[in-house]
Amino acid sequence: MSNQPLFTQDTIVFGLLMLALGFVFYTSTSSNSFWKKFYKYIPALLMAYMLPGALTTLGIIAPEWTTISTSGETIENKSQVYYIASRFLLPAALVLMTLSIDLKAIYNLGPKALIMFLTGTVGVIIGGPIAILLISMVSPETVGGAGPDAVWRGLATLAGSWIGGGANQAAMLEIYKFNTDNYAGMVIVDIVVANIWMAILLLGIGKSEKIDKWLKADTSAIEVLKERVSTYADKISRNPTLADLMIILGIAFSIVGIAHYGATNISEFLTNNFEAVRDKSSAMSSFGSQFFWMITIATILGILMSFTKFKTYEGAGASKIGSVFIYILVASIGMKMDLTKIVENPGLIFVGLVWMAIHVGLLFLVAKIIRAPYFFLAVGSKANIGGAASAPVVAAAFHPSLATVGVLLAVFGYVVGTYGAMLCAELMKIAAGG
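For clarity, every value in this text was computed on a predicted model and none was experimentally measured. (Residues numbered from 1 in each chain as written. Predicted model: local features only at pLDDT ≥ 70, side-chain atom pairs only at ≥ 80, totals over all residues. Heavy atoms only, no water.)

Novice: What exactly am I supposed to notice about the overall build of the chain here?
Specialist: Within the chain, the secondary structure is distributed over 19 helices and 2 strands. Relative to the compact-globule value of 22 Å for 434 residues, the chain shows a C-alpha radius of gyration of 22 Å, a close match. Along the longest, intermediate and shortest principal axes, the C-alpha atoms of the chain span 65 × 60 × 55 Å. Considering the chain as a whole, with its 434 residues, one finds that 53% of them fall into the buried category. (Helix = DSSP H or I, 4+ residues; strand = E, 2+ residues; numbered from the N terminus. Rg over C-alpha atoms; globule rule 2.2 N^0.38 Å. Buried < 20%, exposed > 50% of the residue type's maximum accessible area, 1.4 Å probe, protein only.)

So this is what it looks like as structure tokens:
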């Protein structure tokens, strides 16, 4: 059976995503009283995320779909919009947003960001086995199974994704040999639950002051960083010329090219020369991920550029262009959210929701104890759950200068992802009686 959307051409899909973004920005800056009230409660970033999801849910566009050929063969199709946004625009945005970064000010943020990231990691590690124990009391068959069909093996791939990213998820599939015929169900749980939490997080950004007040958080270091970057930007601010804009894009995409070149070669070198990296069942396999190295190289080069005269291009709108790229990425991520998927496997979705609730609950508990701002909670969570594609998005929603905090934590997540997921898997195996 074909599930082909109304529009399959990426040129049209991209046009619809840009139409959605244009609508969000037009209405969010409107003087109309209705829209003013609407955006008082619903952040524009959340709308930029939800509208593409609505288009997918309605069957107008889709991230992937199947068609049936004339010979009866099933053909898998995939939109390339997210790939382009994550491989081209994300690293470009990271470069432009780190161009004006103040490393000393980031260092002065203190250890709370790292503490909240590690809390999120622990939340995922203990959340899996606890969710299995709780669900087994109500519906043991949902978390049962034996051999390659054991549900805990599938949930291990979820742990890999939620601590690190796609490379860690693939490693867990190799390590625990989950039946690939059932793997699609785990991917659906990953997408649905992670997207629900992403939507809630973005909603919370609009209420971050109230949340910080409840947490009794000290946000002074964050405000100092934002103030220093804003003051510097105001000091060098100028009306950008065509030359300025072309140089900004030249800086961004030259580094994107270097990052891809470096990532390809480093990945190939490590994969060809180190068995631990080549072996997909190894905890070191994530170092063979080109995406990991691309993000790392782009971030490092962006930071290095902040020590040169190119830093002054922040005054011509470098971070604003970076924000444009981030919003396009947000729309392409939102496109992955099909709300009808929630009812496909309600049992497993519920396991994922319980698991995520434990992760979130632990984050709020620790944030309350150490008085960490909502910013650290949100970015610490997304550095685990969303990785390098989502953490900078959430961080930049607070302020473009904070995007680097998100990506640095996300890169750390890639490193610890497989190890943390293996610990979680072993605990889930015990919880499932396997």
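Novice: Just checking my understanding: could you explain the side chain of threonine 56 for this structure?
Specialist: When you line up the elements, threonine 56 lands in helix α3 (residues 44-57). Of the residues examined, threonine 56 reaches a relative accessible area of 5% and is grouped as buried. Apart from residues lying up to four places away in sequence, threonine 56 is in contact with Ile61, Ala62, Pro63, Met335, Met337 and Asp338. (Contact = heavy atoms within 4.5 Å.)

Novice: It is not clear to me how the confidence of the model for the chain should be interpreted in this structure. Could you clarify?
Specialist: A low pLDDT score tells you not to read the predicted coordinates there in detail. Taken over all residues, the pLDDT of the chain has a mean of 86, while the share at 70 or more is 96%. Within the chain, the element-level pLDDT minimum falls on helix α5 (residues 103-107), averaging 72, and the maximum on helix α1 (residues 10-28), averaging 96. (pLDDT = per-residue confidence, 0-100.)

Novice: Would you mind going over the environment of lysine 382 with me for this structure?
Specialist: By secondary structure assignment, the location of lysine 382 is in helix α17 (residues 374-385). Dropping the residues within four chain positions of it, lysine 382 is found in contact with Ala194, Met198, Leu201, Gly387, Ser390, Ala391 and Val394.

Novice: Would you explain α1 in this entry?
Specialist: Side chains that are three or four residues apart share a direction in an α-helix, a result of its 3.6 residues per turn. Between its first and last C-alpha atoms α1 spans 27 Å; for 19 residues at 1.5 Å apiece the expected length is 27 Å, and the two agree. Those residues of α1 lying buried are Val13, Leu17, Ala20, Leu21, Val24 and Thr27. Angular distribution of buried residues about the axis of α1 spans 140°; they occupy a single face of the element. Those residues of α1 that are exposed and angled more than 90 degrees off the buried face are Thr11, Leu19 and Tyr26. Residues of α1 that are buried in the fold lie against α2 (33-41), α3, α4 (81-98) and α15 (318-334). (Expected span 1.5 Å × (residues − 1). Arc of directions from axis to C-beta.)

Novice: Got a minute to help me understand the pattern of salt bridges in this structure?
Specialist: Under the counting rule described, the total for this entry stands at 2 salt bridges. One salt bridge in this structure joins aspartate 244 and arginine 238, with 3.2 Å as the shortest N-O distance. Residue classification places arginine 238 among the partly exposed positions, given a relative accessible area of 32%. (Salt bridge = Lys/Arg side-chain N within 4 Å of Asp/Glu carboxyl O.)

Novice: Is there a simple way to think about the environment of proline 91 in this case?
Specialist: Positionally, proline 91 belongs in helix α4. Residue proline 91 is classed as buried on the basis of its relative accessible area, which comes to 0%. Considering only alpha carbons, one finds proline 91 and isoleucine 132, 41 residues apart in sequence, at a separation of 37 Å. Proline 91 has contacts with Ser86, Val256, Met294 and Ala298, leaving out every residue within four places of it along the chain.

Novice: When you look at the layout of surface pockets in this model, what are you seeing that I'm missing?
Specialist: To find leftover empty space, one rolls a probe the size of a water molecule over the atoms. Taken as a whole, the second largest pocket spans an internal volume of roughly 300 Å³. Lining the second largest pocket are 18 residues, and of these Ala233, Glu314, Ser319, Lys320 and Pro400 sit closest to its centre. Those elements that provide at least two residues to the lining of the second largest pocket are α11 (220-235) and α15. (1 Å grid on protein atoms, 1.4 Å probe; cavity = no way out; pocket = protein on both sides within 12 Å on 5 of 7 lines; lining within 4 Å. Points joined across faces, edges and corners; volume = space filled by probe spheres on them.)

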